[in-house]
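Structural overview for review
Here is what each chain is made of, one letter per residue.
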Amino acid sequence: DLILLEEPVHPDFSNILNGTIELEEYVLELDAGYPAFTLGQYRLLQELHALGKEILQIEPYLDHLLNIQFFLAEDHSPDEIQVNTVSHSVYCAERAATGLLIDYYKTVQGSDFELILSTMNSFAQADAARFVLRDSLRAERIVELLIPGKTMYIEAGSIHLLLYTLLRQKLPQDLHLHLHSIDKETINILHLRGSIFSPGDQLTLMYIYGRKVRQVTWQLLCAQSLIYSKIIQKEELWDDGIQFPHTENEITSITAVKQLAIEDCRALFQQIRRLSSEDAADVVENSLKRRGLMKNP
C-alpha cells in the first residue's frame, strides 16, 4: 500500500508520478549515475501510482544535507548551524567523512602503500558513522509513517543492514518485517555464487556494527578494495545479451580480489593504477590465471 523510496524529497515528485512533468527531463536534472535504470524505475513508479499505491521519498539524512547545502550557498557560515540539532549532527558527520575522503584521494596518488591503506581505513570508520546516523534517522521516520492494516515496502541499498536491525527493534511486535535481498535474487537467477559485498563494504559494515577490527584484517580489506575500485565498471552497463550486467561484473570483481593477499594487491596496484577499468581487470585476471587462482563466480 505504501512505498518508501531511498531518496530525498524533490518538489516535483508528485508531478512526476502524475505524469505532468517530462520524465526524461527530470532524470536528466537528477544527474543520475545510472540514467537508463532510473528512467525505467520511475516509469514503474508511475504505473504503481496509477494503481493507487502511495509513494513517498523518505531519506531524512539527505533532506538535511540538501538543506545545509542550500543554507551555505546563501552565504551562511557553518558556525550558524545550531548545535545539538539533527542538522548539526548531519553536518559534522558529512564534514568528517568528506574530509577523510579527500585525504584518501590525495594519499592514493602517492607511493606509500601502508599510508594509503591507513587513510582508506580512517575513511571507512567515518563513513560507517555517517551510515549509522543516516539509518537511525530513517528508521525513526519510517516508524512514524506506520499505518495499521496497511503494508509497506521500504527501498534500501544492500549496505543498509543496520536499518533492518533498527526497524526490528523499533517496530511493534505484532508487525512482521521481511527482508528481501534483490541482490541475492539476481545472483540466484544468474546461477552465480559469491558475496554481494565488496571488501570495502565488508569493512564499513564491521564498523557500522561497532566491531573492533584487527590491523591485519582492515589492511587486507583495504588492499583488496583498492584493487576492486580499479577493476569495477563505473559506467552504466547496457548489454542485451546479459540480463544483469552490473551484478555479473560486481560478483566477478569481488571473487577476483578476495583471492588476493596484501602483497598481491601491492604489486598489482603499481601495475594498474594508471589503467582503465577494463585493462586493469585484464591484468588482475591474467595474474590470477598464471597462479592458478582464478575462480568462476
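These figures come from a predicted structure and were not determined experimentally. (Residues numbered from 1 in each chain as written. Predicted model: local features only at pLDDT ≥ 70, side-chain atom pairs only at ≥ 80, totals over all residues. Heavy atoms only, no water.)

Moving on, we get to the sheet that holds strand β2 (residues 54–57). Spatially, β2-β1-β3 is the arrangement adopted by the three strands of the open sheet, whose pairing is parallel. Edge positions in the open sheet fall to β2 and β3 (152–154), since each of these has one partner strand only. Across the sheet, the axes of successive neighbouring strands diverge by a mean angle of 15°, strand direction being ignored. When strand β1 (residues 2–5) meets β2, the two strands line up parallel, connected through four bridges. What sits directly across from L4, in β2, is L56. (Pairing = 2+ DSSP bridges. Helix = DSSP H or I, 4+ residues; strand = E, 2+ residues; numbered from the N terminus. Axes fitted to C-alpha atoms, helices over the stretch in contact; angles between N-to-C directions.)

This part is about the pattern of salt bridges. Any two side chains of opposite charge can pair, given that their charged atoms come close. Summed over all chains, the structure comprises nine salt bridges. Linking R130 and E94 is a salt bridge whose minimum nitrogen-to-oxygen distance equals 2.9 Å. A residue pair is termed long-range when its members are at least 10 positions apart, and R130 in helix α6 (residues 113–144) and E94 in helix α5 (residues 86–107) qualify at 36 residues. Note on accessibility: R130 and E94 belong to one class, buried. Close ionic contact of R130 with D127 constitutes a salt bridge, the shortest N to O distance being 2.7 Å. (Salt bridge = Lys/Arg side-chain N within 4 Å of Asp/Glu carboxyl O. Buried < 20%, exposed > 50% of the residue type's maximum accessible area, 1.4 Å probe, protein only.)

All right, on to unusual backbone geometry then. For D31, which is not glycine, the phi dihedral falls at a positive 55°. Structurally, D31 can be placed in the loop between α2 (23–30) and α3 (35–50). You can call D31 exposed: its relative accessible area is 66%. Within the chain, D75 stands out as a residue other than glycine whose phi angle is a positive 70°. Within the fold, D75 resides in the loop between α4 (60–73) and α5.

What follows covers the nonpolar core. Ranked by internal contacts, the top residues of the largest apolar core, which has 54 residues, are F113, L203, L226, I227 and V284. Going through the elements one at a time, β1, α6, α7 (161–170), α9 (199–208), α10 (215–231), α11 (245–257), α12 (262–272) and α13 (277–290) are the ones with two or more residues in this core. Looking at this core, the element that brings in the most residues is α6, giving nine residues. If we ignore the near neighbours within four places in the chain, the residues touching V284 are I227, I231, A256, L268 and I272. With 12 residues, the next largest nonpolar core counts I3, F13, Y42 and I55 among its residues. (Core = buried A, V, L, I, M, F, W, Y, C linked by side-chain atoms within 4.5 Å. Contact = heavy atoms within 4.5 Å.)

Before going further, it helps to examine the pairing of β1. The alternating pattern of β1 places L2 and L4 on one face and I3 and L5 on the opposite face, and all of these are buried. Where β1 lies against β3, three bridges are found, and the strand directions are parallel. Across the sheet, L2 pairs through a bridge with M152, a residue of β3.

Taking 1.5 Å as the rise per residue, α10 with 17 residues should run 24 Å; its terminal C-alpha atoms sit 25 Å apart, in good agreement. Taken across its 17 residues, α10 has 12 buried, putting it largely inside the fold. Taken together, the buried positions of α10 are W218, Q219, L221, C222, A223, Q224, S225, L226, I227, Y228, K230 and I231. Looking at the buried side of α10, the elements it contacts are α5, α6, α9, α11, α12 and α13. (Expected span 1.5 Å × (residues − 1).)

Quick look at the environment of D112 now. Summarising the element assignment, D112 is placed in the loop between α5 and α6. A relative accessible area of 40% means that D112 is categorised as partly exposed. Distance in space between the C-alpha atoms of D112 and I81 is 38 Å, their sequence separation being 31 residues.

Turning to its location among the elements, S253 is positioned in helix α11. When sequence neighbours within four positions are dropped, the list of residues in contact with S253 reads Y228, I231 and I232.

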